[in-house]
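Listed below, chain by chain, are the residues.
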Amino acid sequence: MEHSRPNRIRVLFFILAVVFNLNAVAQGSRHTYNFNPDWKLFIGDAEGADQVGFDDSSWKNVTLPYAWNEHEAFLKDITELSTGIAWYRKTFVLPKDDQNTKIFLEFEGVRQAGEFYVNGVKVGLHENGITAIGLDISDLVKPYPQENVVAVRTDNAWDYRERFYNQRYQWNDKNFNANYGGIPKNVKLHTAGSIYQTLPLFSTLGTTGVYVYASDFDIPGKSATVHVQSEVKNESGKAVAAGLQITVEDLDGKQVAKFDGTQRMISPNGIQTITAQDSISGLEFWSWGYGYLYTVKSKLLVDGKVVEEVPVRTGFRKTEFKNGMVYLNDRVLMMKGYAQRTSNEWPSVGMSVPAWLSDYSNKLMIESGGNYVRWMHTSPWKQDVESCDRVGLIQAMPAGDSEKDVTGRRWEQRCEVMRDAIIYNRNNPSILFYEGGNESISESHMAELKQIRDTYDPHGGRAIGSREMLDSKVAEYGGEMLYINKSAGKPLFATEYSRDEGLRKYWDEFTPPYHKNGEGGTYAHNINGSKVTDASAYNHNQDSHAIENVVRWFDYWEQRPGTGTRVSSGGAKIIFSDSNTHYRGAQNYRRSGEVDPMRIPKDNFYAQQVIWAGWVDLEKQLTHIIGHWNYEPGTVKPIYVVSGGTQVELFVNGKSKGLGENSYRFLYTFPDIKWEAGEIKAVSYNKAGEVVSEDRIQTAGEPYAIKLTSIQSPVGFKADGVDLAIVQVEVVDKNGQRCPTALNKIDFELSGAGEWLGGIAEGPNNYIGSTTLPVECGVNRAFIRSTTKAGKVTVKASAEGLKSAKIDFETLPFAVENGLSRQLPSAGLPTNLEKGPTPLTPSYKVTRKTLEIVAVKAGANQDKAIQSYDDNELSEWTNDGLLSTGWISYELADEARIDEISLKMTGWRRQSYPIDILVGDQTVWSGKTERSLGYITIPVKPTVGKTVTIKLTGAGVEEDAFQNMIELSGNKELDGFKDPEGLNTEGQLRIVEAEIFQKVAE
């Protein structure tokens, strides 16, 4: 359950915040205001808009965050999103009784560049399109009751160049970085006294703020030492003795610790880092699906008196990265998650959603079984970072990059963004990884990024690495795209895998609109510019797409922790939600998601729940029947079931159809099942024959009525002009059951204090913004946005032949005074504690052990033979191309029973090698190796011996088994190593890694 007070308490809290008097603030204390309300927008350039007296009365009124081209999200191909100049202006008055002398603006980000003006004076220029901006406007703002004007000129040109270096940004890319221009992120205003703790906004203010971390963890004993380091600046004009007083409060606001630091003398205009630390017991540790957060209040004492207080919401957790595995709170965690676009976008609004909707989306990743999100290419905005803290979702945080390493000014840009992002986000416990690039980078560049981490976040328990980096001595983690990597040292996990696409509208070939799996074609190209010649993998139906997910994950599951010394640490499936970015299928957006753009789950979502139900091994048994049970009479079709059980039995109206054929560990197939109205049920059994889980589907009746339900913030629908609520529409039968094959077009009518934004569906303009919206598979969703006037919003829905429906919303007053609000965007949102604390039990069972190789002999290139088992996937052993030398023999440390051989062979996805495997002189396996995305496991006849020989018996056969999997860069071999010039490849045996195993009895 969520850790939250009852809804009536939440609403009371909100109402109190609404009526809070902005002027009732203590003199000299620290304050943060919501600066999102009351902006004006003009699309285009406007001469003189930076000046105070400029007439903006005809401009559009907006509440931030607001991208000026938001309405194009999912309407247009990413490459066609509008670009250009847009101006934002705001008039505000400082609170009457806030006498603080230091005034700062914090923009969480602009796209791509922003020029900032306060009362007609230029105060800043920010150009990287990613990181937050801090502006010290203390000397420019006028005190109460005088008005102040902030103006921002934004430019989101794809080809934008830095003003002083004339250099483009690598990540301002039309393939992956959806261009929602203007100010699409939140803005805050901070006030402080003349002696204050700084803000973590380095590039523009040169300051690092407060840093909180923990050490000396005792996980079973629930204790750790909490450290606070605060950078303090003295602008008082005289030297002062300053120190810290720290209080730590739990989720319920109860104080659990209080301690003081050592005072430091700070000279006039000086800056010092002051520290405090203490051991705390009774701690709850942040974990996957357990977003337990504390509020660490860093109180600044000057001459013994508290002059300000900075609250830091953070969590404490222990991490280690070793033995090829990731450890969270002393428990091994296999990375199971998603490579998600940082824009994390939605139809009609792009990335600019309220904080509760970020929580809703990110929590869905956890509900699908995922434990982490690898944000792609650019650092996520603060709202998503904090959301992951609350819901308990691990993050891999990039800085800014594209598909390759760079040099010169472009590399400097990447270092600057990494530095700023680390400083800004280092108190967020959900970040476990810093990513240096979406492609391998040089060792010197990796060392440079590592030095940045060590300078600004030396104690945060975060690994820094990059994509690939398989043989790096500097990177602390790595992993390729698409392929399976293993390691006994630093963890390796796939940065992207399973890139197939499919539309939620299509169940299977037997269901209206009877889309033939794989058909649809494409107008798209691969990112490397080549034409997509076969788009079948990018036009899946739901059934084949879910099956593909199971098949692709099996390769990682087979090499999971517990299966030997070298293991895979998992992977990130690309992507979680359908995205307004590079695509390869029939639609103009990417449909690789487990959910559609409105976050309606596809069958893939439920398949992931089954196969990811645990930290490593399955810790919960689940079963899911793919599809529905509403077909035409006479339909005969295969039924697919995804299950964690060892056997699955299918029942149709209570009659057994036998046990399913198992493949890829989790998939069970029942061919030629004849449809009968009623119920289909799948029952899963363990090895002892006990029922461990089941799933059932009932046939729905004829479409009868429209059903409307709401999804909205747990703290209420706020009349702030930016809050969103979701209307879910279903077509149901007389019993209220959803009709899974319904495709009815629904007409909507909205009245009251709201704005219709709509949803998305397959059809003209993707139905973006339309008041007509078809249901797909019986369901769809649409957005409504609040206005700045509180009141009732009514949505009516009708369709030919269906009973109409109506739903009412009530928006709550939102207090804004002179452009400021005390209600911050995420105020009152609950944390997710559903998974509970990290279990103290092991997360996996050892199923096999690696037998140690102590010596090797080879038919050729003896000096390279050790490279076939050196735990380095960028080295290999090969013979000289003669069949007679195509053998290699391994000597074990001890005589042992040999059960399995694991091989990664050069050209793994396209080359099949005919080989014999011998233990001693006995042949224990003979055949052709399978093509794969990395490793193959060969079960051999269990035989006791001390030597294992792999012998080539003929010429290999080359044919790509994964032709639709396209690398992005196009500037490297797809898999494996280039042949030396003039080499005879007819008798070539090439091994990247060989491992020999003995099974461990259960």
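Small disclaimer: the values here were computed from a predicted structure and weren't measured.

Visitor: It is not clear to me how the overall build of the protein should be interpreted in this structure. Could you clarify?
Guide: The secondary structure content of the protein amounts to 8 helices and 60 strands. At 30 Å, the protein has a C-alpha radius of gyration in line with the 30 Å of a compact globule built from 1002 residues. Each of the three principal axes of the protein carries a C-alpha extent, and together these read 95 × 75 × 55 Å. Within the protein, buried positions represent 63% of all 1002 residues. Taking contacts inside the protein between residues at least 6 apart in sequence as the whole, the part at least 24 apart equals 73%. With an accessible surface of roughly 35800 Å², the protein has 47% of that area assigned to carbon and sulfur atoms. Averaged over its 109 positive side-chain charges, the protein has a centre that lies 3 Å from the centre of its 129 negative ones.

Visitor: Looking at this structure, how should I read helix α6 (residues 443–456)?
Guide: Side chains that are three or four residues apart share a direction in an α-helix, a result of its 3.6 residues per turn. Here α6 is 14 residues long and its end C-alpha atoms lie 20 Å apart, about the 20 Å a rise of 1.5 Å per residue gives. Looking at α6, one finds that the buried residues are His-445, Met-446, Leu-449, Ile-452, Arg-453 and Tyr-456. Along α6, the residues classed as buried sweep out an arc of 115 degrees about the axis, all on the same side. On its buried side, α6 packs onto α2 (202–205), β15 (210–218), α5 (408–425), β29 (431–435) and β30 (463–465).

Visitor: How do you make sense of the sheet that holds strand β7 (residues 102–107) when you look at a structure like this?
Guide: Within a sheet, adjacent strands bond to each other through the backbone by hydrogen bonds, running parallel or antiparallel. Ordered in space as β2-β13-β7-β10, the 4 strands form an open sheet in which the pairing is antiparallel. Each of the sheet's edge strands pairs with one partner strand only, and the pair in question is β2 (31–34) and β10 (133–136). Strand-to-strand twist across the sheet, computed as the mean angle between neighbouring axes with direction ignored, equals 20 degrees. Pairing geometry for β2 and strand β13 (residues 187–192), over 4 bridges, is antiparallel.

Visitor: I'm lost on the domain arrangement of the protein in this one. Help?
Guide: Many authors give the size of an interface as the accessible area that is lost as the parts come together. Taken domain by domain, the protein holds domain 1 (322–354 + 365–501 + 542–617), domain 2 (629–696), domain 3 (705–811) and domain 4 (848–999). Inter-centroid distance (C-alpha atoms) of domain 1 to domain 2 is 34 Å. Between domain 1 and domain 2, the contact holds 9 residues from the first and 8 residues from the second. Approximately 860 Å² of surface area, both sides summed, lies buried where domain 1 meets domain 2, with 90% of it carried by carbon and sulfur atoms. The three residues of domain 1 that bury the most area against domain 2 are Ile-547, Val-550 and Val-610, which together make up 45% of that side's buried surface. Across the domain 1-domain 2 interface, the total number found is 0 salt bridges. Counting across the domain 1 and domain 2 interface gives 0 residue pairs in polar contact (both at pLDDT 80 or more). When residues of the side of domain 1 that touches domain 2 are traced back to their parent elements, those giving at least two are α7 (542–557) and α8 (603–611).

Visitor: Just to check I follow, could you spell out the nonpolar core for this structure?
Guide: Grouped burial of nonpolar side chains is what soluble globular proteins tend to show. Core analysis: the largest hydrophobic core is formed by 66 residues, its most contacted members being Met-335, Ile-394, Phe-433, Trp-553 and Val-642. Sorting elements by how many residues they give to this core places α7 first, with 8 residues. Look past the residues within four positions of Met-335 in its chain and what remains in contact with it is Val-326, Asn-371, Tyr-372, Ile-394, Phe-433, Phe-493, Trp-553, Ser-569, Gly-570 and Gly-571. Counting 33 residues, the second-largest nonpolar core is a separate cluster that includes Ile-219, Ile-280, Leu-283 and Phe-285.

Visitor: Where do I start with unusual backbone geometry in this structure?
Guide: Generally, phi is negative for residues other than glycine and the peptide bonds are trans, each holding for most cases. Looking along the chain, the bond that leaves Leu-64 and enters Pro-65 is cis, with omega of 0 degrees. Along the chain, the position of Pro-65 falls in the loop between β4 (60–62) and β5 (66–67). In the segment running from Tyr-144 into Pro-145, the intervening peptide bond is cis, with an omega of 5 degrees. For Asp-38, which is not a glycine, the phi torsion comes out positive at approximately 65 degrees. Locating Asp-38 in the fold gives a position in the loop between β2 and β3 (39–43). For Asp-38, a relative accessible area of 41% translates into the label partly exposed. In this structure, Lys-222 takes a positive phi of about 60 degrees despite not being glycine. Considering the arrangement of structural elements, one finds Lys-222 in the loop between β15 and β16 (223–234).

Visitor: Please explain the pattern of salt bridges as it appears in this structure.
Guide: Two side chains carrying opposite charge are able to pair once their charged atoms lie near each other. If you walk through the whole model with that rule in mind, you get 59 salt bridges. Of the charged contacts in the structure, one is a salt bridge between Glu-619 and Arg-331, with a shortest N-O distance of 2.7 Å. In this pair, Glu-619 is assigned in the loop between α8 and β33 (623–625) and Arg-331 in strand β25 (residues 331–333), connecting sequence segments 288 residues apart. Overall, the relative accessible area of 3% leaves Arg-331 in the buried class. Two residues, Arg-897 and Asp-899, come together in a salt bridge whose shortest N-O distance is 2.9 Å. Salt bridges sharing partners connect three or more residues here, namely Arg-374, Glu-403, Glu-435, Glu-439, Arg-467, Glu-496 and Arg-499.

Visitor: Honestly, the packing of aromatic side chains in this entry has me stumped. Any pointers?
Guide: Where two aromatic rings form a pair, the distance of their centres and the angle of their planes describe that pair. The final tally for this structure, using the stated rule, is 39 aromatic pairs. Each ring, one from Phe-35 and one from Phe-92, has its centre 5.0 Å from the other, and the planes form 80 degrees; the classification is edge-to-face. With Phe-35 in the loop between β2 and β3 and Phe-92 in strand β6 (residues 85–92), this pair connects stretches of sequence that are 57 residues apart. Look at Phe-35 and you get buried, because its relative accessible area is 0%. Judged by centre distance (5.1 Å) and plane angle (40 degrees), the ring pair of Tyr-211 and Tyr-213 falls under tilted. On the basis of relative accessible area, Tyr-211 is assigned to the buried category, the value being 2%. The class of Tyr-213 is buried, set by a relative accessible area of 10%. In this structure an aromatic cluster arises from ring pairing among Tyr-338, Tyr-497, Trp-553, Tyr-556, Phe-576 and Trp-612. Over the face of the ring belonging to Tyr-165 we find Arg-409, whose NZ or CZ atom lies 4.1 Å from the ring centre. It is Lys-681 that lies over the ring of Phe-651; its NZ or CZ is 5.4 Å from the centre.

What counts as what
Residues numbered from 1 in each chain as written. Predicted model: local features only at pLDDT ≥ 70, side-chain atom pairs only at ≥ 80, totals over all residues. Heavy atoms only, no water. Helix = DSSP H or I, 4+ residues; strand = E, 2+ residues; numbered from the N terminus. Rg over C-alpha atoms; globule rule 2.2 N^0.38 Å. Buried < 20%, exposed > 50% of the residue type's maximum accessible area, 1.4 Å probe, protein only. Contact = heavy atoms within 4.5 Å. Areas by Shrake-Rupley, 256 points an atom, 1.4 Å probe, with all protein chains shown as cover. Lys, Arg positive; Asp, Glu negative; His and termini not counted. Charge placed at Lys NZ, Arg CZ, Asp CG, Glu CD. Expected span 1.5 Å × (residues − 1). Arc of directions from axis to C-beta. Pairing = 2+ DSSP bridges. Axes fitted to C-alpha atoms, helices over the stretch in contact; angles between N-to-C directions. Domains from an automatic or database assignment. Buried area = accessible area lost by both parts, 1.4 Å probe. Salt bridge = Lys/Arg side-chain N within 4 Å of Asp/Glu carboxyl O. Polar contact = N/O pair within 3.5 Å; in protein donor to acceptor, adjacent residues only side chain to side chain. Core = buried A, V, L, I, M, F, W, Y, C linked by side-chain atoms within 4.5 Å. Phe/Tyr/Trp six-rings, centres within 6.5 Å; stacked < 30°, edge-to-face > 60°. Lys NZ or Arg CZ within 6 Å of the ring centre and 35° of its normal.

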